[in-house]
Amino acid sequence: MEEIPLWYWLIVFFGLGACVGSFYNVIVYRMPRGISLINPPSHCPLCKKPIPIRYNLPIVGWLWLRGKSACCKQPISIIYPIGEGLCGLLGAISLFAAVAVNYGAVVPELFCAPVMNPVVWANAFAMFWLLLGAYPVCAVDCQYKLIPDSISVGGIVAGLLLSMVPGGITPFQSLIGAAVAGGGLYALGWVATKVLKKEAMGFGDVKLLAGYGALMGLTGAVETLVVAAILGILVMVPYGKISARKAKHASTSADESQTAGQIPFGPFLAAAAPVMYLWGEPLFQMYLKFVLGE
């Protein structure tokens, strides 16, 4: 690791991201349908025949088959390689962003130099989790109002492991961040549910924020929650009005009209978390200067 240049690790992180994206495609398809992520192994959804490993290679497998299944020659959605390529790009960006933030800038010479600071690697893997986790959170939560436990609970485990790297948050801060952020959001959702007399916060959002608390500490999780809430208001208010107006003029049932303008909160948390992880402190200082006028 001490002799391998940055450009090589960027390629490795792209490959890792693409592989994770391939697994996330499985999560997005199977989890909402109640299918195990392990059994049965990869198979054609049409003819149920097993898919050989060589055809399961991220991006390459789809290109090799020219977008058609090897068994029944039916078209394979281009969404799969697009998702894998996007996750690969996000994987490379996670390392690039960690290097840029820790070194202040990425000059051409740095691409040929090894990355030696362990804090950079810890930040890179944390960003890897945050950026790539946004894909299944957005895809599943928007359509099915669910957040995969592999992302939310997995974030808690990842945060606790990365907190053992010296230079970042401590394991104690990671534990406090997970417990207080998750517990605080659960309490807030419970109160809102009692006041509004309907479910105001899903438990998936609670576990997701707990994972973010483990990765970035309590302060970072609170900042993420605030920014996500602002983003949610900016999107939900106009969207809710438009959806309610459409539902009013359409022949929909009472339940459908009640949920017409609802948008899950998970995607807003997933969008805010990487930004606040990297730039939460500078943005908070800018906010204080703007408010206090100093």
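Residues numbered from 1 in each chain as written. Predicted model: local features only at pLDDT ≥ 70, side-chain atom pairs only at ≥ 80, totals over all residues. Heavy atoms only, no water.

A. Geometry of the side chain of Ser-174. Within the element layout of this structure, Ser-174 appears in helix 6 (residues 171–196). According to the relative accessible area criterion, Ser-174 is buried, its value standing at 0%. A polar atom in the side chain of Ser-174 sits 2.7 Å from the backbone oxygen of Ala-214. Beyond its immediate stretch of four places on either side in the chain, Ser-174 contacts Gly-159, Leu-160, Ser-163, Ile-169, Gly-213 and Ala-214. (Helix = DSSP H or I, 4+ residues; strand = E, 2+ residues; numbered from the N terminus. Buried < 20%, exposed > 50% of the residue type's maximum accessible area, 1.4 Å probe, protein only. Polar contact = N/O pair within 3.5 Å; in protein donor to acceptor, adjacent residues only side chain to side chain. Contact = heavy atoms within 4.5 Å.)

B. Geometry of unusual backbone geometry. A positive phi angle, close to 65 degrees, is found at Ile-59, a residue other than glycine. Secondary-structure assignment places Ile-59 in the loop between helix 1 (6–30) and helix 2 (60–64). In the Ramachandran plot, Lys-145 falls in the positive-phi region, its phi being about 60 degrees despite a non-glycine side chain. Within the secondary structure, Lys-145 is located in the loop between helix 4 (118–144) and helix 5 (149–162).

C. Summary view of helix 3 (residues 79–103). With 25 residues, helix 3 extends 36 Å between its outermost C-alpha atoms, agreeing within 8% with the 36 Å of an ideal straight helix rising 1.5 Å per residue. At the exit of helix 3 stands Gly-104, carrying a positive phi of roughly 85 degrees. (Expected span 1.5 Å × (residues − 1).)

D. Examining the nonpolar core more closely. Counting residues in hydrophobic clusters, the biggest one holds 47 residues, and the most contacted among them are Leu-95, Leu-130 and Tyr-212. Counting only elements with at least two residues in this core, the list comes to helix 1, helix 3, helix 4, helix 5, helix 6, helix 7 (203–249) and helix 9 (266–292). Apart from residues lying up to four places away in sequence, Tyr-212 is in contact with Leu-130, Gly-217, Ala-221, Thr-224, Leu-269, Ala-270 and Ala-273. (Core = buried A, V, L, I, M, F, W, Y, C linked by side-chain atoms within 4.5 Å.)

E. Representation of the packing of helix 3 against helix 4 in the model. The interhelical angle for the contact between helix 3 and helix 4, taken along N-to-C directions, is 145 degrees, at an axis separation of 8 Å. Once helix 3 is placed against helix 4, the crossing between them reads as right-handed. On helix 4, the residues touching Gly-83, Cys-87, Leu-90, Gly-91, Ile-93, Ser-94, Leu-95, Ala-98, Val-99, Asn-102 and Tyr-103 of helix 3 are Val-119, Val-120, Trp-121, Asn-123, Ala-124, Met-127, Phe-128, Leu-131, Leu-132 and Tyr-135. When its residues are assigned to classes, the contact of helix 3 with helix 4 shows 16 nonpolar, 5 polar and no charged. (Axes fitted to C-alpha atoms, helices over the stretch in contact; angles between N-to-C directions. Left-handed = near helix turned anticlockwise from the far one by under 90°. Nonpolar A, V, L, I, M, F, W, Y, C, P; charged D, E, K, R; others polar.)

F. Layout of helix 4. Taking 1.5 Å as the rise per residue, helix 4 with 27 residues should run 39 Å; its terminal C-alpha atoms sit 39 Å apart, in good agreement. Roughly 25 degrees is the biggest bend found in helix 4, and it falls at Gly-133, with proline Pro-136 one to four residues downstream. Here helix 4 starts with a cap whose side-chain oxygen sits 3.0 Å from the backbone nitrogen of Val-119, and that cap is Asn-117. Remark: Lys-145 follows helix 4 within two positions and exhibits a positive phi of approximately 60 degrees. (Bend = angle between axes of the 7 residues up to and from the residue.)

G. The arrangement of the packing of aromatic side chains in detail. Throughout the structure, instances matching the rule amount to 13 aromatic pairs. Consider the rings of Phe-23 and Tyr-24, whose centres lie 6.4 Å apart with planes at 40 degrees: the pair is tilted. What makes Phe-23 partly exposed here is its relative accessible area of 39%. A network of ring pairs unites the aromatic residues Trp-7, Tyr-8, Trp-9, Phe-13, Trp-121, Phe-125 and Phe-128 as a single cluster. Here the guanidinium or amino end of Arg-54 rests over the ring plane of Tyr-55, the centre of that ring lying 4.6 Å away. (Phe/Tyr/Trp six-rings, centres within 6.5 Å; stacked < 30°, edge-to-face > 60°. Lys NZ or Arg CZ within 6 Å of the ring centre and 35° of its normal.)

H. Examining a nonpolar patch on the surface more closely. A surface patch of nonpolar side chains, amounting to about 930 Å² of accessible area, comprises Phe-172, Ile-176, Val-180, Leu-218, Val-222, Val-226, Ile-230, Leu-231, Leu-234, Val-235 and Tyr-239. Of all the secondary structure elements, the ones that give two or more residues to the nonpolar patch are helix 6 and helix 7. For the nonpolar patch, the leading source of residues is helix 7, giving 8 residues. Examined against the element boundaries, Tyr-239 turns out to sit in helix 7. (Patch = residues over 30% accessible without salt bridge, like charges linked within 9 Å, V, L, I, M, F, W, Y side chains within 5 Å. Areas by Shrake-Rupley, 256 points an atom, 1.4 Å probe, with all protein chains shown as cover. Salt bridge = Lys/Arg side-chain N within 4 Å of Asp/Glu carboxyl O.)

I. How the structure looks around the state of the cysteines. Overall, the coordinates contain 0 disulfides when judged by the stated rule. Free of any disulfide, Cys-87 has its nearest cysteine sulfur in Cys-19, 11 Å distant. Residue classification places Cys-87 among the buried residues on the basis of a relative accessible area of 0%. (Disulfide = S-S within 2.5 Å.)

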